[in-house]
Amino acid sequence: MKKTIIALASIATLAAMSSTRSLAQEAESAPASDSNEDASLWSFSAGADLVSAYLWRGAFNAGASFQPSLGVSCGPVTLGAWGSTDFSGENKEVDLCLSLEKGGFTASVTDYFYPGEGGFFCWDKDETCHQLELGLGYDFGAKTNVPIAISWNTMLAGDDLDEDGDRQFSSYFEIDYSLQVKSVGVEIGAGFTPFDSFYQDGTSGFNMVNLSVKGSYEIEFTDKFHLPVFAQFVLNPNSEDVHMAFGFTF
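A brief report on the enclosed structure follows.

**A closer look at the overall build of the protein chain**
- Across its full length, the protein chain holds two helices and 14 strands.
- Residue burial in the protein chain is summarised as follows: out of 250 residues, 30% are buried.
- Taking the intrachain contacts of the protein chain between residues at least 6 apart in sequence as the baseline, contacts between residues at least 24 apart amount to 37%.
- Here the protein chain displays about 15100 Å² of accessible surface, and carbon together with sulfur accounts for 62% of that area.

Shown next, in the form of structure tokens:
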């Protein structure tokens, strides 16, 4: 991703050097070129958000929180780690995600871990603090001018049991629409649960659990330093609850 410019510069340098060499020297330089091309497939990322409230799929998860992230990508495949800890230290979360993105399509497997009585390596269905989720999505904006993205996520294992102790495969479907209003990026999202799941609040069947509006803006301090900030309004029609949050990324 971010190393594309470096990779292009490396390839251009090799091309310039090869023009002054003999045919034999050019053959010797070929493996080095291949090595640089392979290296350009890899990229690394690191960042963090500071938020006034941790909101997720229409629910309030925690108060003011610090949320770091790490990622390594090779071509369309990304392995990422994301965490959240509130200022009291009582609400912690560490997630690992393996994803594949190609032509607007995304497939992912995410392990949500909420530290508790069951340790990180505990997967007993009655004690585990994990939730394992399969996600599928498509961004229409990748191939067209339609700024709409859809996603479907289903819990496959871990702490996702109903009152009878049976797995309920909690699922969440979301559709998002994005637009630009002058210098503010706006995202409007609607999320639904198609059947009984932990997303619901004392109800069953199909329910809308998330209706959100998010505005993002970059504060420019210097030509080289911009601070992305955002504000979000969230309404959960199912629980009849409403939230707002503010945050910034660095």
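**Brief notes about the packing of aromatic side chains**
- Tallied over the entire structure, the rule returns 14 aromatic pairs.
- With 4.8 Å between their ring centres and 90° between their planes, Tyr 138 and Phe 140 make a pair best called edge-to-face.
- Taking the relative accessible area as the measure of exposure, Tyr 138 reaches 17% and is therefore buried.
- Among the residues examined, Phe 140 registers a relative accessible area of 33% and is labelled partly exposed.
- Through successive ring pairs, a cluster of aromatic residues spans Trp 56, Tyr 112, Tyr 172, Phe 198 and Tyr 199.
- Over the ring of Phe 230 we find Lys 214; its NZ or CZ atom is 4.5 Å from the centre of that ring.

**Notes on a nonpolar patch on the surface**
- A surface patch of nonpolar side chains, amounting to about 800 Å² of accessible area, comprises Tyr 177, Leu 179, Val 181, Ile 188, Leu 211, Val 213, Phe 233, Leu 235, Val 242 and Met 244.
- Sort the elements by how many residues they give to the nonpolar patch and strand β10 (residues 171-181) lands first, with three residues.
- Within the secondary structure, Met 244 is located in strand β14 (residues 241-249).

**What about a negative patch on the surface?**
- On the surface, Glu 117, Asp 124, Asp 126 and Glu 127 cluster together to form a negatively charged patch.
- Note on placement: Asp 124 falls in the loop between β7 (105-113) and β8 (130-139).
- Residue Asp 124 is classed as partly exposed on the basis of its relative accessible area, which comes to 40%.

**What to know about the layout of surface pockets**
- Approximately 220 Å³ is the volume attributed to the second largest pocket.
- For the second largest pocket, the full set of lining residues is Tyr 54, Trp 56, Asn 61, Ala 62, Ser 84, Glu 90, Asn 91, Lys 92, Glu 93, Tyr 114 and Pro 115.
- Only β2 (54-56), β3 (59-62) and β6 (92-102) provide two or more residues apiece to the lining of the second largest pocket.
- Residue composition of the lining of the second largest pocket, grouped by class: five nonpolar, three polar and three charged.

**Thoughts on the nonpolar core**
- One finds Tyr 54, Trp 56, Ala 62, Tyr 112, Met 155, Tyr 172, Tyr 199 and Val 209 forming the largest nonpolar core, which totals eight residues.
- What Val 209 contacts, discounting residues up to four positions off in sequence, is Arg 57, Gly 58, Tyr 172, Gly 191, Phe 192, Thr 193, Tyr 199, Leu 235, Asn 236, Pro 237 and Asn 238.

**A look at the sheet that holds β6**
- With antiparallel pairing, 12 strands are arranged side by side around a closed barrel as β1-β4-β5-β6-β7-β8-β9-β10-β11-β12-β13-β14. With strand direction ignored, the average angle separating the axes of adjacent strands in the sheet is 20°.
- Bridge analysis of strand β12 (residues 207-220) against strand β13 (residues 226-236) gives 10 bridges, and the strand direction is antiparallel. Directly across from Glu 218, in β13, lies its bridge partner Pro 228.

**Brief notes about the environment of Gly 47**
- Assignment of secondary structure puts Gly 47 in strand β1 (residues 42-51).
- On the basis of relative accessible area, Gly 47 is assigned to the partly exposed category, the value being 22%.
- It is 9.2 Å that separates the C-alpha atoms of Gly 47 and Gly 71, two residues lying 24 residues apart in sequence.
- Aside from chain neighbours lying at most four places away, what touches Gly 47 is Gln 67, Pro 68, Ser 69 and Phe 250.

**Focus on the side chain of Ser 108**
- Here Ser 108 lies in strand β7.
- Exposure remark for Ser 108: the relative accessible area of 15% places this residue in the buried category.
- In this view, Ser 108 contacts Cys 97, Leu 98, Ser 99, Glu 133, Leu 134 and Gly 135; residues no more than four positions away in its chain are not counted.

What counts and what doesn't
- Residues numbered from 1 in each chain as written.
- Predicted model: local features only at pLDDT ≥ 70, side-chain atom pairs only at ≥ 80, totals over all residues.
- Heavy atoms only, no water.
- Helix = DSSP H or I, 4+ residues; strand = E, 2+ residues; numbered from the N terminus.
- Buried < 20%, exposed > 50% of the residue type's maximum accessible area, 1.4 Å probe, protein only.
- Contact = heavy atoms within 4.5 Å.
- Areas by Shrake-Rupley, 256 points an atom, 1.4 Å probe, with all protein chains shown as cover.
- Phe/Tyr/Trp six-rings, centres within 6.5 Å; stacked < 30°, edge-to-face > 60°.
- Lys NZ or Arg CZ within 6 Å of the ring centre and 35° of its normal.
- Patch = residues over 30% accessible without salt bridge, like charges linked within 9 Å, V, L, I, M, F, W, Y side chains within 5 Å.
- Salt bridge = Lys/Arg side-chain N within 4 Å of Asp/Glu carboxyl O.
- Lys, Arg positive; Asp, Glu negative; His and termini not counted.
- Charge placed at Lys NZ, Arg CZ, Asp CG, Glu CD.
- 1 Å grid on protein atoms, 1.4 Å probe; cavity = no way out; pocket = protein on both sides within 12 Å on 5 of 7 lines; lining within 4 Å.
- Points joined across faces, edges and corners; volume = space filled by probe spheres on them.
- Nonpolar A, V, L, I, M, F, W, Y, C, P; charged D, E, K, R; others polar.
- Core = buried A, V, L, I, M, F, W, Y, C linked by side-chain atoms within 4.5 Å.
- Pairing = 2+ DSSP bridges.
- Axes fitted to C-alpha atoms, helices over the stretch in contact; angles between N-to-C directions.

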